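# Coordinate analysis (summary)
Listed below are the residues making up each chain.
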Amino acid sequence: MKKILLTSLMMLIALSAYAQDDLLGMLEDKNEVQYTKATFKGTRLINGHSVETRKKNTMDLIISHRFGELSGGAYELFGLDQSNVRIGLDYGVSDRFNVGLGRNSFEKTFDGYLKFKLLQQSKGGKNMPVSMTLFTSMAIKTLKNPNYEISFKEKVSYSYQMLIARKFSSSFSFQIMPTFIHFNTITPEQDRNDIYGLGAGGRIKLTQRLSLNAEYYYQMKTLTDQTFNSFAIGFDIETGGHVFQLQFTNSQAMNEKGFFAETTNDFFNGDIHFGFNISRSFQLNTKKR
Amino acid sequence: MKTQHLYIGLILILCSLSFNSLAQGKYKLTSSKVHFFSETVVENIEAYTQKTQGVIDFAANKFAFKIPNVSFKFEKSLMQEHFNENYMESEKYPHSVFTGAIEGDLNLKKDGEYKVAVKGDLKIHGVSKNRSFDAIIKVAGGKVSIHSEFKVTVADHKIKIPSVVFMNIAEVIDVQIKADLEKI
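Quick summary incoming for the structure in this document. These figures come from a predicted structure and were not determined experimentally.

### Quick notes on the overall build of chain A
The helix and strand inventory of chain A stands at 3 helices and 14 strands. Relative to a compact globule of 289 residues, whose C-alpha radius of gyration would be 19 Å, chain A shows 26 Å and is clearly more extended. Per-residue burial over chain A gives 44% buried out of 289 residues. The contacts of chain A with a sequence gap of at least 6 include a subset with a gap of at least 24, amounting to 58%. Within the structure as shown, chain A displays about 14,400 Å² of accessible surface, and the carbon and sulfur contribution to it stands at 63%. With 34 positive and 27 negative side-chain charges, chain A shows a separation of 11 Å between the mean positions of the two kinds.

Here it is as structure tokens:
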């Protein structure tokens, strides 16, 4: 009898201790989805776009310069005396859908784009290994030809890209960019209207705000046999609302059809241009989100 | 014979105690809002979240609260991105957690405002700090709610503020929590 009572006593003590559950364990959420954020610091990798889109009601002012060739030497201030400019505005219509407009001094080209984030990398309740953004742009070359009139249609070219990226760790992200460009008109010296290829690039984050970026676009079909693949390498410096990108590249144009299909300098032969992109984010409509 | 009575007596007492604790039960957070505010000469930063999960066991006088860091909403989306990417490092530390004990005289069956002392481990950015402060538990018409205000020192949790923006972010952040409690 004593034994039974003693054991029941022990069991009851154990029961009341067990009743004080691990409270934190009750809050475990197996279905919580963690979306990957900030695969890249900004919306541009270097010359081309990254998978990043600006959130709703955010507007970015982006100013880009590509200077002359470094080989110009001290007399040309290593290319700084000549520069091509692109001034653009990017706008977040929604968190996933961005639009943009820009004007390039190179060949006085206007460009406009649409960008849609189709997939967002995530883990946890929903597993998505990559982020994917669809990109399309239209470029209109308005540089006049002194000899003849050019119709509107002849000035236009279209670019299409699928940007696929994965943030492997907080310090390494990698992106591939299948690219297709269509030129409405080509000159007799140019070989084909449809140019396509594959780009690849990535970033290594060196500190919270500084990263090293590299980007390479390989042309499978070229516009002429004198165009080179675009290569760029540079640093991203993020300071609150600004992203400063400083780079070296062989491309002088800052829109897709320009740098992908029309690069006439060979990076690996030393025809390198220093350049930068500066983007500044503005939050329009600052009501509580 | 006497020892048998003693054992039975103890068993009955223990029974009533453990069943009592099961009966008093646990309360979970519903309709919660956690708001934080950083005030400096240059810029005010604030954000709130309504996704706090929490459980308070009034019988055991214990509690556990958990917030997914990405659920804090800021007026500026880029600020929200930097909060997670540069400061909280939410990919490494997805949650802020507070667990511990509640001390104080409390009668959940009687309407009133009860001041309780909350003591426990506040873990933010992977770094735990022992904290204690007051909270008010209000019982009104059968509804229970909790309200508390406290401060968090950013450096306590190894959150780095770079010199570029040190004038924009306060060293001590004001935090406010308000929630309804529902018995589970």
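### Let's talk about the side chain of B:His157
Residue placement: B:His157 occurs in the loop between strand 9 (143-153) and strand 10 (172-183). Sequence-distant contacts of B:His157, that is, excluding residues within four places in its chain, are made with B:Leu122, B:Ile124, B:His125, B:Val127, B:Lys129 and B:Val152.

### Quick notes on the pattern of salt bridges
On inspection of all chains with the given rule, the structure shows 15 salt bridges over all chains. Notably, a salt bridge pairs A:Arg86 with A:Asp111, separated by 2.7 Å at the nearest N-O pair. With A:Arg86 in strand 3 (residues 83-92) and A:Asp111 in strand 5 (residues 109-119), this pair connects stretches of sequence that are 25 residues apart. On the basis of relative accessible area, A:Asp111 is assigned to the buried category, the value being 6%. Put simply, A:Lys167, A:Arg203, A:Lys205, B:Glu85 and B:Glu91 are held in one network by salt bridges that share partners.

### Some thoughts on the side chain of A:Thr263
Residue and element names in this part refer to chain A. In this structure, Thr263 sits in the loop between helix 3 (256-261) and strand 14 (273-283). A distance of 2.9 Å separates a polar atom in the side chain of Thr263 from a polar atom in the side chain of Ser251. From its side chain, Thr263 meets the backbone oxygen of Phe259 in a polar contact 2.6 Å long. Not counting residues up to four positions away in its chain, the partners in contact with Thr263 are Gln226, Thr227, Phe228, Ser230, Asn250, Ser251 and Gly258.

### Notes on the nonpolar core
The biggest cluster of nonpolar side chains holds 41 residues, and the ones touching the most others in it are B:Phe36, B:Ile56, B:Phe72, B:Val118 and B:Leu181. Setting aside its immediate chain neighbours within four residues, B:Phe72 contacts B:Val34, B:Phe36, B:Ala47, B:Tyr48, B:Thr49, B:Ile67, B:Gln80 and B:Phe83. Listed in part, the 16 residues of the second largest apolar core include A:Val51, A:Phe135, A:Met177 and A:Phe259.

### Here we look at the environment of B:Lys158
Residues and elements named next belong to chain B. Among the secondary structure elements, Lys158 is positioned in the loop between strand 9 and strand 10. Residue classification places Lys158 among the exposed positions, given a relative accessible area of 60%. Taking the C-alpha atoms as reference points, Lys158 and Ser128, 30 residues apart in sequence, are found 10.0 Å from one another. Dropping the residues within four chain positions of it, Lys158 is found in contact with His125 and Val127.

### Section: the packing of aromatic side chains
For any pair of aromatic rings, the description consists of the separation of the ring centres together with the inter-plane angle of the planes. In the structure shown here, the tally under the stated rule is 24 aromatic pairs over all chains. An angle of 50 degrees between the planes, with centres 5.9 Å apart, marks the rings of A:Phe67 and A:Phe276 as tilted. With A:Phe67 in strand 2 (residues 58-69) and A:Phe276 in strand 14, this residue pair connects regions lying 209 residues apart in the sequence. A relative accessible area of 10% means that A:Phe67 is categorised as buried. Look at A:Phe276 and you get buried, because its relative accessible area is 19%. Taken together, B:Phe63, B:Phe65, B:Phe98, B:Phe133 and B:Phe150 form an aromatic cluster joined through their ring pairs. Its end group placed over the ring of A:Phe110, A:Arg103 keeps NZ or CZ at 5.3 Å from the ring centre.

Thresholds, definitions, all that
- Residues numbered from 1 in each chain as written.
- Chains lettered and ligands numbered in written order.
- Predicted model: local features only at pLDDT ≥ 70, side-chain atom pairs only at ≥ 80, totals over all residues.
- Heavy atoms only, no water.
- Helix = DSSP H or I, 4+ residues; strand = E, 2+ residues; numbered from the N terminus.
- Rg over C-alpha atoms; globule rule 2.2 N^0.38 Å.
- Buried < 20%, exposed > 50% of the residue type's maximum accessible area, 1.4 Å probe, protein only.
- Contact = heavy atoms within 4.5 Å.
- Areas by Shrake-Rupley, 256 points an atom, 1.4 Å probe, with all protein chains shown as cover.
- Lys, Arg positive; Asp, Glu negative; His and termini not counted.
- Charge placed at Lys NZ, Arg CZ, Asp CG, Glu CD.
- Salt bridge = Lys/Arg side-chain N within 4 Å of Asp/Glu carboxyl O.
- Polar contact = N/O pair within 3.5 Å; in protein donor to acceptor, adjacent residues only side chain to side chain.
- Core = buried A, V, L, I, M, F, W, Y, C linked by side-chain atoms within 4.5 Å.
- Phe/Tyr/Trp six-rings, centres within 6.5 Å; stacked < 30°, edge-to-face > 60°.
- Lys NZ or Arg CZ within 6 Å of the ring centre and 35° of its normal.

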